[in-house]
Amino acid sequence: MVKWHSKAVFKQLYIERGESFMPKIAKGNRLENVAFEYIKNKITTGEYPTGYRVVEAKLSQELNMSRTPIRRAIINLCHSGFLVHQYNRGAFVQNTEVTITEFFSRMKLVELLMYESTEKLILREDYIVVDDIIEIAEKVIQYEKNKEYELMRDTFEDFIVAFIGKLNNDYFNRIIQELWNEINDNATKEVRLIIVSASDRIAEELANIIEILKSWNYGELKKCFQHIMNAMILIAF
């Protein structure tokens, strides 16, 4: 007869042998997401300082998983700005402070994803509901009118997340959410003021976007996004 041992027994055996114990990850979780959050936490808590080299093999042992999902997590962290890949050297923790230059580098990605979402709206206009986007845009305009700038900025971020969400791409959704989290956590004072300082122009363009969405004339959306980006650039520089 096979004798089964509890997880606690196995954990004790690992401890007695001087080995680290990490329980198997539940099948329902995507392993790369677990690795992503694990590495990100090490960075944000300072355990992995700026310049620290992230080693796949070491993480594979710590997380008790293969190197493939860890590699994907590292790639995602590079896209999110937490790591930087150096050719023939590996991935390193980079300075996470978001300066004005870093902010607009990330906004370029936002702009590209907004364009991609616009193209999808144009191709599948009969199948994609935009009422939620309109509702959020109306809230942004109202907050700007009431000079509730913190709420305005947060809701503008929600608008962008919802708009890009129309791509129905989990990877893009996570990237854009991580991007905003990074900006909110690590932006300099100058960066935090950009959206607020350009709030009147943002509200004006969102009013135009609402009319475009209601009329299904989606081809005009890109111009509105360009105007918003230009308004923020003029404020910053």
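The coordinates are above.
By convention here, each chain's residues receive numbers from 1 onward along its written sequence. Since the coordinates come from a predicted model, pLDDT governs what is reported: local features require at least 70, and pairs of side-chain atoms require 80 or more to be given and counted, while whole-chain, interface and lining totals use all residues. Side-chain metrics rest on all non-hydrogen atoms present in the structure, leaving aside hydrogens and water.

(A) View of helix α8 (residues 170-186). Secondary structure elements follow DSSP: runs of H or I no shorter than four residues count as helices, runs of E no shorter than two count as strands, and numbering proceeds from the N terminus. Helix span, as expected, comes to 1.5 Å for every residue beyond the first. For α8, with 17 residues, the first-to-last C-alpha span of 24 Å sits near the 24 Å given by 1.5 Å per residue. Should any heavy atoms of two residues lie within 4.5 Å, those residues are considered in contact. Of the surrounding secondary structure, the elements contacted by the buried residues of α8 are α2 (31-44), α4 (67-79), α5 (100-123), α7 (149-164) and α9 (189-197). At the N-terminal end of α8, a side-chain oxygen is found 2.9 Å from the backbone nitrogen of Tyr 171, two or three residues along, and the residue is Asn 169. Side-chain atoms alone can form a polar contact between residues adjacent in sequence; in general such a contact is a pair of N or O atoms within 3.5 Å, and within protein one must be able to donate a hydrogen while the other accepts it.

(B) Seen up close, the pattern of salt bridges. Salt bridge, as used here: a side-chain nitrogen of Lys or Arg that lies within 4 Å of a carboxyl oxygen of Asp or Glu. Applying the stated criterion across every chain, the model contains 14 salt bridges. For Arg 30, the salt bridge goes to Glu 32, with nearest N and O atoms at 2.6 Å. Relative accessibility thresholds used throughout: buried, under 20% of the residue-type maximum; exposed, over 50%; partly exposed, between the two (1.4 Å probe, protein chains only). We classify Glu 32 as buried; its relative accessible area is 8%. We note a salt bridge from Arg 201 to Glu 205, for which the minimum N-O separation is 3.3 Å. You can see Arg 201 and its partner Glu 205 sitting in helix α10 (residues 199-215), 4 residues apart, about one turn around the helix. Looking at Arg 201, the relative accessible area reads 31%, which means it is partly exposed. By relative accessible area, Glu 205 is classed as buried at 3%.

(C) Focus on the pairing of strand β3 (residues 90-93). Pairing between two strands requires that DSSP report at least two bridges joining them. As defined by bridge partners, strand β1 (residues 53-54) adjoins β3 across 2 bridges and the pair is classed as antiparallel. What sits directly across from Arg 53, in β3, is Phe 92. Note: strand β2 (residues 83-86) against β3, 4 bridges, orientation antiparallel. Counterpart to Gln 86 in the pairing with β3 is Gly 90. Where β2 folds back on β3, the antiparallel hairpin that results is connected by 3 residues, among which Asn 88 adopts a positive phi of roughly 65°.

(D) Structural view of the environment of Tyr 48. Along the chain, the position of Tyr 48 falls in the loop between α2 and β1. Each C-alpha atom of the pair Tyr 48 and Phe 92 lies 9.3 Å from the other, and the pair is 44 residues apart in sequence. Apart from the residues within four sequence positions on either side, Tyr 48 is in contact with Ile 39, Lys 42, Ile 43, Val 54, Leu 59, Glu 62 and Val 93.

(E) Examining the nonpolar core more closely. Working definition of a nonpolar core: buried Ala, Val, Leu, Ile, Met, Phe, Trp, Tyr and Cys residues. They are joined through side-chain atoms within 4.5 Å. In terms of nonpolar packing, the biggest core is built from 47 residues, with Met 107, Phe 159 and Met 232 touching the most fellow members. Counting only elements with at least two residues in this core, the list comes to α5, α6 (131-145), α7, α8, α9, α10 and α11 (221-236). For this core, the element with the highest residue contribution is α5, accounting for 8 residues. Non-local contacts of Met 107, meaning those with residues more than four positions away in its chain, are made with Leu 179, Trp 180, Ile 183, Met 229 and Met 232. Of all hydrophobic cores here, the second largest spans 17 residues; its members include Ile 39, Leu 59, Leu 63 and Leu 77.

(F) Local environment of the packing of aromatic side chains. A pair of Phe, Tyr and Trp rings is counted when the ring centres sit within 6.5 Å of each other, with Trp represented by its six-membered ring. The angle between the planes then sorts it: under 30 degrees is stacked, over 60 is edge-to-face, the rest tilted. Summed over the entire model, instances satisfying the criterion amount to 5 aromatic pairs. Between Tyr 48 and Tyr 52, the ring centres sit 4.3 Å apart and the planes meet at 15°, which makes this aromatic pair stacked. Ring geometry for Phe 163 and Phe 225: centres 5.1 Å apart, planes at 80°, overall edge-to-face. Residue Phe 163 is found in helix α7, and its partner Phe 225 is found in helix α11; the two are separated by 62 residues along the sequence. In this structure, Phe 163 and Phe 225 share a single accessibility class: buried. One aromatic cluster is present, formed by Phe 159, Phe 163 and Phe 225 through successive ring pairs. One Lys or Arg, Arg 174, reaches over the ring of Phe 36 and ends 5.0 Å from the middle of that ring. Lying across the ring of Tyr 115, Lys 222 places its NZ or CZ 5.5 Å from the centre. Charge-over-ring contacts are defined here by two conditions on Lys NZ or Arg CZ: a distance within 6 Å of the ring centre and an angle within 35 degrees of the ring normal.

(G) Highlighting the sheet that holds β3. Strand order across the open sheet formed by 3 strands is β1-β3-β2, with antiparallel pairing between neighbours. With partners counted over all chains shown, the strands left at the sheet margins are β1 and β2, one partner each. All axes are obtained by fitting lines to C-alpha atoms, using only the stretch in contact for helices, and the reported angles, taken between N-to-C directions, cover 0 to 180 degrees. Sheet contacts for α4: β1, β2 and β3; angle to β2, the most-contacted strand, approximately 110°.

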